[in-house]
Amino acid sequence: MVPVERGVQLEVLDFGGAGTPLIFLSGFGGTAHDFAGLAEKFTSAHHVYAITRRGFGKSAHPPATIAAYSPERLAADTLTVVKALRIGRPFLAGHSVAGQELSEIGTRHPERVRGLIYLDAANAEAFYGPSSNVLYPIAGEVRRDLEQLISAQPSEAPKLIEKITGELPRLQRGLNWYATAVKGVRDLPLEDINSRQKTLQDAIVKGARVYGPTGTPVLSIVALPLQCAPECDSEAAKRRELAAEAQAADFSEANPSAKVVRLPYADHFVWESNQKAVVDAMKEFMENAPR
């Protein structure tokens, strides 16, 4: 258990090994234990760790506020663990929602890591490209800018207003996307709305922000085309596949040096459905990453 701030400790698994450190970050609802069976594949060349994010598993469960679960806060948790355990510049491998943390670290602290590995995690919350229409990142960005504007000095206001005005077309696209996404979807029961899982999800989603390319070596492993059975012919499945293709294309274009590996019809937990392909891609990427 590693303390990351007062009253908050995170569960960290040490899988052992020697060499350049490799740290796994789980997706939403997951824990460090999700990587048992995968982490051991790398211990011959890497010292391997995995971290259970705050709010889940044996890690501390602070109240579900935006500040406590923002990408900045979650990224700071990871970097605090790195510092506390005296881990040299690691590779970070994150699944699903952990893409936000990877992008936050790669954008603001690229000197702290050797490289980033997105395990079906280079989604709109981790990279917001020209084709991205998902509401959450742009809504989070606009919310932050409006909060700054309210407390800004008059001399600071024009620049913020210009930025917000420039974000409005993307916000409108996000609203259009959301209108389609919720069409025909039933309301959640009251017990689900008030569940810890839902309040945590809301806190993380509300804290989302817009990320562009990072300043680090990148490997993105994508389930593409998406696993869609048994609804492959549905309009929703076709829309998801088109959006995923556009997202991967945007990511590749914006990160020309990134390695993007497509795994057709893989599960979202790509290391479970396609373990050999994932292990091979990760090993090749880490062996050839700049020092």
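This text follows the structure it describes.
Residue positions are counted from 1 within each chain, in the order its sequence is given. Reporting of local features is limited, given that this is a predicted model, to residues whose pLDDT is at least 70; pairs of side-chain atoms are given and counted only at 80 or more, and all residues count toward the totals for whole chains, interfaces and linings. Computation of side-chain values covers all heavy atoms of the structure but excludes hydrogens and water.

### Thoughts on the packing of helix α4 (residues 135-151) against helix α5 (residues 157-182)
Here's step 1: Structural elements are reduced to axes, namely lines fitted to C-alpha atoms, with helices fitted over the stretch in contact, and the angle between N-to-C directions of any two is expressed from 0 to 180 degrees. A run of DSSP states H or I qualifies as a helix once it reaches four residues; a run of E qualifies as a strand once it reaches two. Both are numbered from the N-terminal end. Where α4 contacts α5, the two axes come as close as 9 Å, and the packing angle between them is 155°. In terms of their interaxial angle, α4 and α5 are classed as roughly antiparallel. Viewed along their axes, α4 and α5 form a crossing whose handedness is left-handed. In this structure, α4 contributes L135, Y136, I138, A139, E141, V142, D145, L146, Q148 and L149 to the contact, and α5 contributes A157, L160, I161, K163, I164, E167, R170, L171, G174, L175, W177 and Y178.
Here's step 2: When grouped by side-chain class, the residues that make up the contact of α4 with α5 number 15 nonpolar, 2 polar and 5 charged. Here roughly perpendicular refers to angles of 65 to 115 degrees, roughly parallel to angles under 35, roughly antiparallel to angles over 145, and oblique to all remaining angles. Left-handed describes a crossing whose near helix is turned anticlockwise from the far helix through less than a right angle; right-handed describes the clockwise counterpart. Here a residue-residue contact requires only that any non-hydrogen atoms of the pair lie within 4.5 Å. Residue type decides the class: Asp, Glu, Lys and Arg count as charged, Ala, Val, Leu, Ile, Met, Phe, Trp, Tyr, Cys and Pro as nonpolar, and the leftover types, Gly among them, as polar.

### A closer look at the packing of aromatic side chains
Here's step 1: Stacked, edge-to-face and tilted are the three classes for Phe, Tyr and Trp ring pairs, Trp counted by its six-membered ring, which pair at centre distances within 6.5 Å; planes under 30 degrees apart are stacked, over 60 edge-to-face, the rest tilted. A full pass over the atoms with the stated rule returns 11 aromatic pairs.
Here's step 2: Ring pairing ties together the aromatic residues F24, F35, F42, F269 and W271, which thus form one cluster.

### A look at the sheet that holds strand β9 (residues 259-263)
Here's step 1: Pairing in this open sheet of 7 strands is mixed, and the strands run β3-β5-β4-β6-β7-β8-β9 from one edge to the other. Edge positions in the sheet fall to β3 (12-16) and β9, since each has one partner strand and no second. Adjacent strand axes in the sheet meet at a mean angle of 15°, parallel and antiparallel pairs treated alike.
Here's step 2: By the convention used here, strands pair only if DSSP detects at least 2 bridges between them. With 4 bridges connecting them, strand β4 (residues 22-25) and strand β5 (residues 48-51) associate as parallel partners. When the sheet's bridge partners are listed, L22 is paired in β5 with V48.

Remember that the coordinates give geometry; whether it matters functionally is a separate question.
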